[in-house]
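Spelled out, the chains give:
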Amino acid sequence: MSKQMTIDCAIETEYIQLDALLKYSGVCSTGGEAKCIILDGEVAVNGEKCMKRGKKIWPGDYVSLSDRNVSVNVIGC
């Protein structure tokens, strides 16, 4: 059984695009890697499979990928 890891990723903008979030948070090392895992259907946003690289991720949204999770929080509000 794999252990779930949570990464809190604070953003200073209103939202961030899904592919940028995966790279910014360190879940993926490159934008190309993020693109591939999104298009392969390995990513869920708020529990629903998402294959849109440019999906807007807002503060409070939850993004999951295999054994990694990313929580988005706003800085300075």
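Values in this document were obtained by computation on a predicted structure and should not be read as measured data.

(A) How the structure looks around the confidence of the model for the protein chain. On average, residues of the protein chain carry a pLDDT of 87, and 88% of them reach 70 or more. Averaged pLDDT values for the elements of the protein chain fall to 76 in strand 7 (residues 68-74) and rise to 95 in strand 2 (residues 16-17).

(B) The arrangement of the pattern of salt bridges in detail. Under the defined criterion, the tally for this structure stands at one salt bridge. For Asp19, the salt bridge is made with Arg53, and the minimal N-O distance between the two is 3.7 Å. Note that Asp19 is positioned in helix 1 (residues 18-24) and Arg53 in the loop between strand 4 (48-49) and strand 5 (56-57), a separation of 34 residues in sequence. In this structure Asp19 comes out as buried when scored by relative accessible area, which is 17%. Judged by its relative accessible area of 37%, Arg53 falls in the partly exposed class.

(C) Structural view of the packing of aromatic side chains. Using the criterion set out here, one finds one aromatic pair in the structure. Centroid distance Tyr15 to Trp58: 5.0 Å. Interplanar angle 50 degrees. Geometry classified as tilted. Taken together, the positions of Tyr15 in the loop between strand 1 (5-11) and strand 2 and Trp58 in the loop between strand 5 and strand 6 (62-65) put the pair 43 residues apart, joining distant regions of the chain. Above the face of the Tyr15 ring, Lys56 is positioned so that its terminal group lies 4.8 Å from the ring centre.

(D) Inspection of helix 2 (residues 31-39) at higher detail. Those residues of helix 2 lying buried are Ala34, Ile37 and Ile38. All buried residues of helix 2 lie within an arc of 100 degrees about the axis, which places them on one face of the element. Among the residues trailing helix 2, Gly41 stands out with phi positive, at a value near 80 degrees.

(E) Fine view of the nonpolar core. Of all hydrophobic cores here, the largest spans 20 residues; its most connected members are Leu18, Leu21, Leu22, Val27, Val43, Ile57 and Val63. Sorting the residues of this core by element identifies strand 1, helix 1, helix 2, strand 3 (43-45), strand 6 and strand 7 as the ones contributing at least two each. Setting aside anything within four residues of it in sequence, one finds Val43 in contact with Leu18, Leu22, Ile37, Ile38, Glu48, Lys49, Cys50, Val63, Ser64 and Leu65.

Definitions and cut-offs
- Residues numbered from 1 in each chain as written.
- Predicted model: local features only at pLDDT ≥ 70, side-chain atom pairs only at ≥ 80, totals over all residues.
- Heavy atoms only, no water.
- pLDDT = per-residue confidence, 0-100.
- Helix = DSSP H or I, 4+ residues; strand = E, 2+ residues; numbered from the N terminus.
- Salt bridge = Lys/Arg side-chain N within 4 Å of Asp/Glu carboxyl O.
- Buried < 20%, exposed > 50% of the residue type's maximum accessible area, 1.4 Å probe, protein only.
- Phe/Tyr/Trp six-rings, centres within 6.5 Å; stacked < 30°, edge-to-face > 60°.
- Lys NZ or Arg CZ within 6 Å of the ring centre and 35° of its normal.
- Arc of directions from axis to C-beta.
- Core = buried A, V, L, I, M, F, W, Y, C linked by side-chain atoms within 4.5 Å.
- Contact = heavy atoms within 4.5 Å.

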